[in-house]
Amino acid sequence: MSRPAARAVFAFAFYCPLVFRLIIKSNIYSVSTPRSTTAVIVILDTIVLVSPLGSTVVQKMQKIVFFGGTGMSGQCAVRYALKKGLSVRLLVRNEATVPEDFKAKVELVQGDVTNVEDVKKAVAGQELVCVVLGTRNDLKPTTAMSDGMSNIIAAMKEASLKKFSVCLSSFLFMDPEKVPAIFVNINGEHRRMLETVKGCGLEYRAVLPPHIADEPQAEFATAYDKAPGHSRSISKLDLGQFLVDCLFDEAHAGKVIGICTIK
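Numbers given for residues are sequential positions, taken from 1 along each chain in its written order. Thresholds applied to this predicted model are a pLDDT of at least 70 for local features of residues and 80 or more for the giving and counting of side-chain atom pairs; totals over whole chains, interfaces and linings are not thresholded and use all residues. Hydrogens and water molecules were not included; the side-chain quantities draw on all heavy atoms of the structure.

Caption draft 1: Spotlight on the confidence of the model for the chain. Summing up the model confidence of the chain, the mean pLDDT is 85 and the portion of residues at 70 or higher is 77%. Across residues 12-41, confidence stays below pLDDT 50; counting only partners more than four residues off in sequence or on other chains, it has 65 contacts. Segment residues 51-58 is flagged for pLDDT under 50; beyond a separation of four residues in sequence, or across chains, it makes 34 contacts in the model. Confidence per residue, as judged by the predictor, is encoded in pLDDT with a range of 0 to 100. Should any heavy atoms of two residues lie within 4.5 Å, those residues are counted as being in contact.

Caption draft 2: Structural detail: unusual backbone geometry. If you check the backbone angles, R136 has positive phi at about 55° while not being a glycine. The secondary structure listing takes helices from DSSP runs of H or I that are at least 4 residues long and strands from runs of E that are at least 2 residues long, numbered from the N terminus. Residue position: R136 is located in the loop between β9 (128-131) and α5 (144-158). Take R136: its relative accessible area is 61%, and that puts it in the exposed class. In this structure, S160 takes a positive phi of about 60° despite not being glycine. Only protein chains enter the calculation, and the probe is 1.4 Å; a residue is then buried if its accessible area is under 20% of its type maximum, exposed if over 50%, and partly exposed in between.

Caption draft 3: The arrangement of the packing of helix α4 (residues 116-123) against α5 in detail. Whenever a helix is involved, its axis is fitted only over the stretch in contact; in every case the axis is a line through C-alpha atoms, and angles between N-to-C directions fall within 0 to 180 degrees. As a packed pair, α4 and α5 sit with axes 9 Å apart at the nearest point and diverge in direction by 50°. With respect to α5, the element α4 is oriented oblique. Read as a crossing pair, α4 and α5 show a hand that is right-handed. Packed against α4, whose contacting residues are V116, V119, K120 and V123, the element α5 presents N151, I152, A155, M156 and E158 at the interface. Here the nonpolar group is Ala, Val, Leu, Ile, Met, Phe, Trp, Tyr, Cys and Pro; Asp, Glu, Lys and Arg are the charged ones; every other residue, Gly included, is treated as polar. Per-class residue counts for the contact of α4 with α5 are six nonpolar, one polar and two charged. Oblique is the label for any angle not under 35 degrees, not over 145, and not in the 65 to 115 range, which are roughly parallel, roughly antiparallel and roughly perpendicular in turn. Take the far helix as the reference: if the near one is turned anticlockwise from it by less than a right angle, the crossing is left-handed, and if turned clockwise, right-handed.

Caption draft 4: How the structure looks around the packing of aromatic side chains. Centres within 6.5 Å make a pair out of two Phe, Tyr or Trp rings, where for Trp the six-membered ring is used; the pair is then stacked when the planes are under 30 degrees apart, edge-to-face when over 60, and tilted otherwise. Counting across every chain of the model gives two aromatic pairs. Note on F171 and F183: the rings are 5.2 Å apart at their centroids and 35° apart in plane angle, and the pair reads as tilted. Of this pair, F171 sits in the loop between β10 (163-167) and α6 (184-198) while F183 sits in the loop between β10 and α6, and the two are 12 residues apart along the sequence. Looking at F183, the relative accessible area reads 29%, which means it is partly exposed. Seen from the ring of Y224, K255 lies directly overhead, with NZ or CZ sitting 5.0 Å from the centre. The rule for a charge over a ring is simple: NZ of Lys or CZ of Arg within 6 Å of the ring centre, and within 35 degrees of the ring normal.

Written out as structure tokens, the structure is:
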């Protein structure tokens, strides 16, 4: 816990009718209180839980940085990360694109994913990375996403980060010759990204969704190295949740993951 956070905790203990017994043990602090009051305090990026007559844990909130956090799926992932209690940072080119409902709840770093120095600033001090890069409705040839992916991986290695999830497309499970012509360019870019990801040596989770639908959450399925086959769509809410949750499941490390709604 940082000194400002520690001072804030003790100030809380002084001004509130609670008696704290703080036992420092590595990065974990055990807190006791004799009253039947339950308090949940968030001080900076530190969570303080005070439970009735019991010992609780005070620990740092895990930090996650998003690349592409203002797109449709990215916004859902960011909102879920905040709901999950993570400390969230976004790399954005333009702050005006950040939704007002979470703009004040996240840390913004202005920059471009194709600029490696901007990416290094974004990953500095973080623990987890979520990549939801997209071109919106622009299907022209591009290397911006694969260049950005290379920058993210380089920056992660320099910062000694290991875990990241990345959203690609289930078209990558298909024979390239069978991909609809309109999606050939973007599929080629996703393939370059996937090749970069698979050869990076980090604990990646490559998530390959089908059509991303503006629908409520529903039961969904996942499968490794193939599409689950239950449908050809996934709710944007379920996809956003999975992009975050898969980072906390070691079974998904180093895997290419298909996902879809069960219909």
